Amino acid sequence: MKKIFSALLIFVLALTVVGCKKKEDPAVAILDEAIENLQGVINDPSSIVASFNVPTKLANDVTASWVSGNTDHIQVGQANEQGLVIITVIRPEFGASEVVVNLTVTVSVKSEKTGEMVEKPYTFKLTVKPETVEKLEINNIKDILNIKDDKYDPKDEKDKVSVALKNVTVIAVGSDASFIYDGTGTTMVYGGDASKMKVGSVYNVNGLLEWYFGMWEIIKPTFEEVSGQTPKYPEKQVVTSIDAYIAELVEAKEHHAAFGSAKDGNFEPVLANITAKVFMIDKDTSNYNTFLIDKTKDTLIPGKAAENAGDPSTPASGLMAYYPTNDFAYLRSFNGFEVNLDVVVHTYRSNNNAFAFYYVGGKDGIELGELTDEQAVELDVKGISLPTYIFEDTTLKTFVAEGKQGSTFEWTVDKPAIINLETGKVDATAANEPVKVTLKATKGEATQTKTYTINVGTLEVVEIDKLLKGNNGQAFRIEGVVTSFGPYNSFTVEDASGAAAFRISGLNATSEELTFKVGDTINAIVTKAVFNGLVQGELFGGKASIGKVKVTENATLPAAVSLQTEALTKENLLKFQSKLVNLNNMLVVKHEVDQYDNVVMTLLRQDGQEIEFKWDSRLAVKDNTLATLKVNDVINIVGAPLTWNNGPVIMYDNIAQVVKAEALTDEAKLAFDVAKFEPTTDYAVVGDLKLPAKGLLFESAITYTFKNTDDTNNTLVDLATMKILSVPTEGQVNVTLIATIKLGELTEVREVKLLVGKAGNVVTFHETFETAELSTNPSVYNDVTFTGLNGVVWNFVHSMSSNVNDSANGILESGQGIILRRSNDPSPSSITATFANGLVDFSFDYRKAFTGGTSRKYSVDITNNGETTTIVIPEFGAGSGDQPQVYTFKSELLNLTGEVVIKIYATGADGNQQATFDNFKWTEKAPVTPAA
């Protein structure tokens, strides 16, 4: 999924007056500060490849005017109502030289001292890069749709084709995109401020072309509204049968391009009016669980992946709602109902095997089909929403007498002194307890009753540790010091008990609405949420409640935690999540700038442990020098936040957090060389020994001797010539060396075990569990321990045999398999196997068991030498009914020595998601004999 960001966001910082000399007009300091902040508006002046926006209105009533020194390549537009101006970039043609253009901004402010306007200019030197491919004649959207050449979709943004479209009409808008039409075709505008475009308005649009999931879209958009133009709309396609519509798309092979590249064509978005049934996959809590299916059907047949190169996939029997669509929750509220609505079918999602759409009808854009009394009651009850928490006196307008679909409502409350059903008044001041409100909805003979629990009363401040240990969705009032803006879309907050992320839906680190800064103490009501393992306190009420956050300025930042001697594993670092941390003498072993200009580094500690470091480019950092770092630089991390993305990530929000080390001691240099000492140990043929003579990083001297004196006479390894002289005809022989790594007067020794023998000297096993005593009662799951081939011990938790009396239970060809059931307590299902002799590789077969429609979600853990690698099995088995397809899991080449533990276990939502596992095959290396 793409990340959306805009270089514009950095200019919204609140400007403050700096200290001035006695005789200097304060207005001069204001303008200096304004220019300093404007310098971050243009992301990289040395490489201009796309149009961009600049502001004309700044804080402290400062205005900015912009003038181009070369209108052939840089053109300044007119300010819109938000005070933004488009700087249109016209790149030199392919093969031409780059052009340097002066773009001058003049900032002005009225002097409180003299009453006169004070102004100051500043000139940006912009280097406009030439196009990197032959010029394309792009005059309209049809010209874009006709592009079928991969060279016009380069990976690097600076190489992408820029486009400028005139007089296009916005026909639909999503939360991250808009769709435009010009009479010749329809395309998508993605990212930036695209969601702020208005349906029915006409615009001039600039941006870069990108081919994504089988369609052309315009990224990095800038746009200006054009007055006096008549909007144009495509003919709306009317769809009354989803099955027939998908069949048409498949016949036209509209899903094929998504599996290829630009040369394979593209999908043109379709504006459509659809009559269908809303269907949500039961117990699937993902963002990809909502579909429009044929109004005559009651279930979804999921799509399936390609079986061969000529058949890219079989699409699902429904159109999938793409979750960034506006009013997603509203659409989902009609689950199970026939509806009529407007959508844009925009592409084929090859990773979901489904054609996808944006709902574009708005809050009142869904018409219902004919309802039974039961459906009317169900929909009316769904339409009632009561708050889970009320913290202040208020009046609820929810206690109506009738639902929109004609149901009669009867309300009762267990504590009428707190919530008055007649007036709707809630007395939160005098209360601090849960209140139960019950709704009984009736229409004809149909009745439904629902009870809501509302926690009414004030909240006292609790330690952040209580939030960390609380339940998801539970509310807390916390107070802590804001320690960083590093994650961009959340902030780190800490008190004496712990630290957590603080998030405000709709606001991020560059939002001018923020009322606090790093070093302030905040007091706020939050609800607990967890995202990719990051514990967050979501501001209760979201963006609208920012004014309720109590802010105290200039608190003392907590001391950073040293991770110098801590294991850099996610299990150990979890306790430091969202705290500020220090690390010294970290070697940069990876330094990348991704397609979104984020800096991503991997840092190596002297003991060989690594941790990820990241700067989110949407967060402006003054005097940022990260781009000047390179692999093999050594840096210190000073007070940077330790955030989380399914594991620890050190983030960055100011330059003081990264300090380049000026000099390393010999001890440190030697430690890094030892950490990166990676000799080749397996030799299957006669030839050179691949043993490094120097340290990889700091060129320590490395010499080798035999560990055992008897090995000096072996006929396999000759250290004098650094050769493998011969290899055994069967099995592998172990020859142990001692590597001495020396730098100056310092030395370290490491043991190196050479395995000399021909590749393929391995032993393979195939376990089918035929003699395992598993439950054959279809309603009984139990725990079983089974010792199988080669002494491998298997533990089955909450399992049963596939040999039960039901053809849909997932029997595989070999007969008995193990059925696992669910992920939730008290009995999460799993298979664990312990391999005492290491593993070269392993595999197993699996398939859906039973007929429930829940998507099966399982993972595999591989543990060796205290390190665990988790592999997520792709989801399978969604949709009701038997699915006989058999899948195979195959490990990568592992070559693990020592004890290896494999665990297969259910993940995902609570409840049943049965799957059968069988035909375990694994390979171990043949026993190693000592050197003769």
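> Run through the environment of Asn-624, naming residues and quoting values.
Assignment of secondary structure puts Asn-624 in the loop between strand E37 (610-615) and strand E38 (634-644). Dropping the residues within four chain positions of it, Asn-624 is found in contact with Trp-615, Tyr-652 and Ile-655. Among the polar contacts listed, one links the side chain of Asn-624 to the backbone nitrogen of Leu-626, at a separation of 2.9 Å.

> Explain helix H5 (residues 373-382) residue by residue, including any values.
Taken together, the buried positions of H5 are occupied by Ala-376, Val-377, Leu-379, Asp-380 and Val-381. Against strand E20 (367-368), strand E23 (408-413), strand E25 (432-443) and strand E26 (446-457) lie the buried residues of H5.

> Explain the packing of aromatic side chains residue by residue, including any values.
Per the stated rule, a full pass over the model turns up 45 aromatic pairs. For the pair Tyr-389 and Phe-540, a centre-to-centre distance of 6.3 Å together with 90° between the ring planes defines the contact as edge-to-face. Taken together, the positions of Tyr-389 in strand E21 (residues 389-390) and Phe-540 in the loop between strand E32 (534-539) and strand E33 (550-552) put the pair 151 residues apart, joining distant regions of the chain. On the accessibility criterion, Tyr-389 (14% relative accessible area) is buried. A ring pair is formed by Phe-672 and Phe-698, whose centres lie 6.4 Å apart and whose planes are at 40°; its orientation type is tilted. Of this pair, Phe-672 sits in helix H8 (residues 666-675) while Phe-698 sits in the loop between strand E42 (687-688) and strand E43 (701-706), and the two are 26 residues apart along the sequence. For Phe-672, a relative accessible area of 0% puts it in the buried group.

> Explain the confidence of the model for the chain to me, using residue names and the numbers behind them.
On average, residues of the chain score 87 in pLDDT, and 94% of them are at 70 or above. Low confidence marks residues 1-22, where pLDDT is under 50. Its contacts with residues over four positions away, or in another chain, come to 64 contacts.

> How would you explain the pairing of strand E10 (residues 202-212) if you had to name every residue and give the values?
Residues in a regular strand project their side chains so that they alternate between the two faces of the sheet. Counting buried residues along E10, 10 of its 11 residues qualify, which places the element largely inside the surrounding structure. The pairing of strand E7 (residues 162-173) with E10 spans six bridges and is antiparallel. By the bridge assignment, Val-168 is partnered in E10 with Tyr-203. Pairing of E10 with strand E11 (residues 215-225) involves nine bridges; the strand directions are antiparallel. Following the sheet pairing, Asn-204 is matched in E11 by Glu-224. The antiparallel hairpin formed by E10 and E11 contains two residues in its connecting segment, where Phe-213 sits at a positive phi of about 50°.

> Describe in detail the sheet that holds E21, supporting the description with residues and values.
The mixed open sheet is built from four strands, whose spatial order is E21-E26-E25-E23. Strands at the two margins of the open sheet, each flanked by one partner only, are E21 and E23. Pairing geometry for E21 and E26, over two bridges, is parallel. Bridge assignment links Ile-390 to a residue of E26, and that residue is Val-456.

> Please give an account of the pattern of salt bridges that cites residues and values.
Going through the model one piece at a time under the given rule, you end up with 31 salt bridges. Its salt-bridge partner being Glu-538, residue Arg-503 comes within 3.2 Å of it at the nearest N-O pair. Highlighted residues: Arg-503 in strand E30 (residues 498-503) and Glu-538 in strand E32, separated in sequence by 35 residues. For Glu-566, the salt bridge identified is with Lys-575, shortest N-O distance 4.0 Å. Exposure remark for Glu-566: the relative accessible area of 21% places this residue in the partly exposed category.

> Which residues make up the pairing of strand E57 (residues 900-906), and what values do they have?
Of all the seven residues making up E57, five are buried; the element is thus mostly covered by neighbouring parts of the structure. As judged from the six bridges shared by strand E52 (residues 830-835) and E57, these two strands associate in the antiparallel manner. Residue pairing for E57: Ala-833 is matched across the bridge by Ile-902. Relative to E57, strand E54 (residues 858-864) runs antiparallel, the two being bridged by seven bridges. Across the sheet, residue Thr-863 finds its bridge partner in E57, namely Val-901.

The rules we used
Residues numbered from 1 in each chain as written. Predicted model: local features only at pLDDT ≥ 70, side-chain atom pairs only at ≥ 80, totals over all residues. Heavy atoms only, no water. Helix = DSSP H or I, 4+ residues; strand = E, 2+ residues; numbered from the N terminus. Contact = heavy atoms within 4.5 Å. Polar contact = N/O pair within 3.5 Å; in protein donor to acceptor, adjacent residues only side chain to side chain. Buried < 20%, exposed > 50% of the residue type's maximum accessible area, 1.4 Å probe, protein only. Phe/Tyr/Trp six-rings, centres within 6.5 Å; stacked < 30°, edge-to-face > 60°. pLDDT = per-residue confidence, 0-100. Pairing = 2+ DSSP bridges. Salt bridge = Lys/Arg side-chain N within 4 Å of Asp/Glu carboxyl O.

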